[in-house]
Amino acid sequence: MMTAVTCSAATVSTEYEGVNLEEPLEKNIQANAPIGEKLQINAKSAILIEYNTGKILYESNADEKLAPASITKIMTLILVMEAIEDKRLSLEDQITASEHAASLGGSQIWLEPGEVMTVDELLRATVIASANDATVALAEAVSGSEESFVLKMNEKAAELGLKDTNFVNSYGLDAEGHLTTAHDVAVMSKELMKHELIRQYTEKTMDSLRGGESELVNTNKLIRYYDGCFGLKTGTTSKAGSCLSAIAERNGLTLIAVVLGAPSSKDRFSGTQKLLDYGFANYSFTETKADTSEFSDIPVRRGTTRFVTPTVTEKFFALLKKGDESKLTQTFTLSEELVAPVKAGDTVGYVHIYLGEEELGVIPIIAGSDSDKLTYFVCLMRLVKSLFTL
């Protein structure tokens, strides 16, 4: 959540986290810790995953059920993004704040009952300032009531396979039974970042509402000071402690780090930084190109062409420990013969990528051109053409 900001005509009230926004992050925190070394993270739970594969790179007590504070809003934002993509909402839609939304405590932008804001404005307030009132206004816009929306949150959690997550509200204040895990938060974070629109909000360090009278300040210091960070969500309550889900990208490697239950804001930032540093120091996300040098043209039976040339167009990226890039090997399987019709793009084989004996994945081999079925008419035309060329 955020630090209170007093503006000329309005106050954006957010839960105080004791964050000095101008103080840089600590440097070189176990940045070169080798794989397998235990990181010194002062928090109840932590996890690091690679974004594209979802592979867990580091975890500590990642399945303990804990109060998530405003990290709850990650699931809320997933449902809002889906509603926008499904055209059930648009960024320009005007939302009228209900009595319920305006009554929320904790982090807020002091919505008045009946006050109108666009979906875009409410998203800025939710993502940047972690405003509970704005969050509930969005939930009601999607589902008609917060209660109905929370049911959808739990349905989405089940759909994502989050067996240790249960939501009681859409915004994250402490409530009995409102629990999740670091692992489940990482999965939620991965799901949210599939929606490209969210980045235009998570990357903002500052913004404003009400014609500049209400200033929004993002207290995720990683956005300012950590190279490659472009999100995601902070949260703090008395029960949850200080929490953070962060996402960062360097050289094609994208990592999601989650820390829950840190005793202070400083601990959550240093813990998250340790996780990200560990990932970037030890792993790479490397493009592996298929070796096509031994491919041969494939004969086509009863085709308008006698052969088609196999080719590879898809890219394959492998998550590797640094230094393992040179250890990759590959084999291929290729059809010995095809039967017309063959269309360009048809799969005719596979390149298999290995690290040692482990198969990391396959790259489809496709036909590079068409070969239509040979018909009587085509044969006749060929015969006629050959007669005229004698």
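In short, a report on the structure. Everything numeric here is computed off the predicted structure, so don't read it as measured data. (Residues numbered from 1 in each chain as written. Predicted model: local features only at pLDDT ≥ 70, side-chain atom pairs only at ≥ 80, totals over all residues. Heavy atoms only, no water.)

**A closer look at the nonpolar core**
Selection criterion: To qualify as a nonpolar core, a set must consist of buried Ala, Val, Leu, Ile, Met, Phe, Trp, Tyr and Cys residues joined through side-chain atoms within 4.5 Å. Note on classification: 1.4 Å probe, protein chains only; a residue is buried when its accessible area is under 20% of the maximum for its type, exposed when over 50%, partly exposed between these limits. Think of it this way: any DSSP run of H or I at least four residues long counts as a helix, any run of E at least two long counts as a strand, and we number them from the N terminus. It only takes one pair of heavy atoms within 4.5 Å for two residues to be counted as in contact.
Grouped together as the largest cluster of nonpolar side chains are 64 residues, with contacts concentrated most on Ile109 and Leu123. By residue number, the principal contributor to this core is helix H1 (residues 73-85), which donates nine residues. With near-sequence residues (within four places) excluded, Leu123 lies in contact with Leu77, Val80, Met81, Ile84, Leu91, Ile128, Leu138 and Tyr201. Core analysis: the second largest hydrophobic core is formed by 27 residues, Leu39, Leu244, Phe269 and Tyr283 among them.

**Considering the sheet that holds strand S18 (residues 338-339)**
Rule in force here: The rule for pairing is simple: two strands pair if DSSP sees at least two bridges between them.
An order of S14-S13-S18 is seen for the three strands of this open sheet, with the pairing classed as mixed. The open sheet has two edge strands with one neighbour each: strand S14 (307-308) and S18. Sheet topology note: the strand S13 (residues 298-301)/S18 ladder contains two bridges and is parallel. By the bridge assignment, Arg301 is partnered in S18 with Val339.

**Things to note about the packing of H1 against helix H5 (residues 146-159)**
We count it as follows: A fitted line through C-alpha atoms serves as each axis, taken over the contacting stretch for helices, and the angle formed by two N-to-C directions is quoted from 0 to 180°. Relative orientations are named as follows: roughly parallel for angles under 35 degrees, roughly antiparallel for angles over 145 degrees, roughly perpendicular for angles from 65 to 115 degrees, and oblique for any other angle. Gly falls in the polar group here, along with every residue not listed as nonpolar (Ala, Val, Leu, Ile, Met, Phe, Trp, Tyr, Cys, Pro) or charged (Asp, Glu, Lys, Arg).
It is the contact of H1 with H5, at a shortest axis distance of 10 Å, that shows an interaxial angle of 95 degrees. As the angle between them shows, H1 and H5 are arranged roughly perpendicular. Listed contacts from H5 to Met75, Thr76, Ile78, Leu79 and Glu82 of H1 are Phe149, Lys152, Met153, Lys156 and Ala157. Residues that form the contact of H1 with H5 fall into these classes: six nonpolar, one polar and three charged.

**Some thoughts on the pairing of strand S11 (residues 253-262)**
Each regular strand carries side chains that alternate between the two faces of the sheet. Most of S11 is tucked away: ten of the ten residues are buried. Here six bridges tie strand S3 (residues 45-50) to S11, and the two strands are oriented antiparallel to one another. Residue pairing across strands places Ser45 opposite Leu260, the latter belonging to S11. One ladder, built from eight bridges, connects strand S10 (residues 241-250) with S11; its direction is antiparallel. The residue bridging Glu249 from the neighbouring strand is Thr254, located in S11. Once S10 ends, the chain turns through two residues before running back antiparallel as S11, passing Asn251 with a positive phi of about 50 degrees.

**What about the sheet that holds S10?**
Sheet architecture is open: five strands sit in the order S4-S3-S11-S10-S9, paired in antiparallel fashion. Every interior strand has two partners, whereas the edge strands, strand S4 (56-60) and strand S9 (229-237), have only one. Geometrically, the sheet is characterised by an average inter-axis angle of 5 degrees between neighbouring strands, direction not taken into account.

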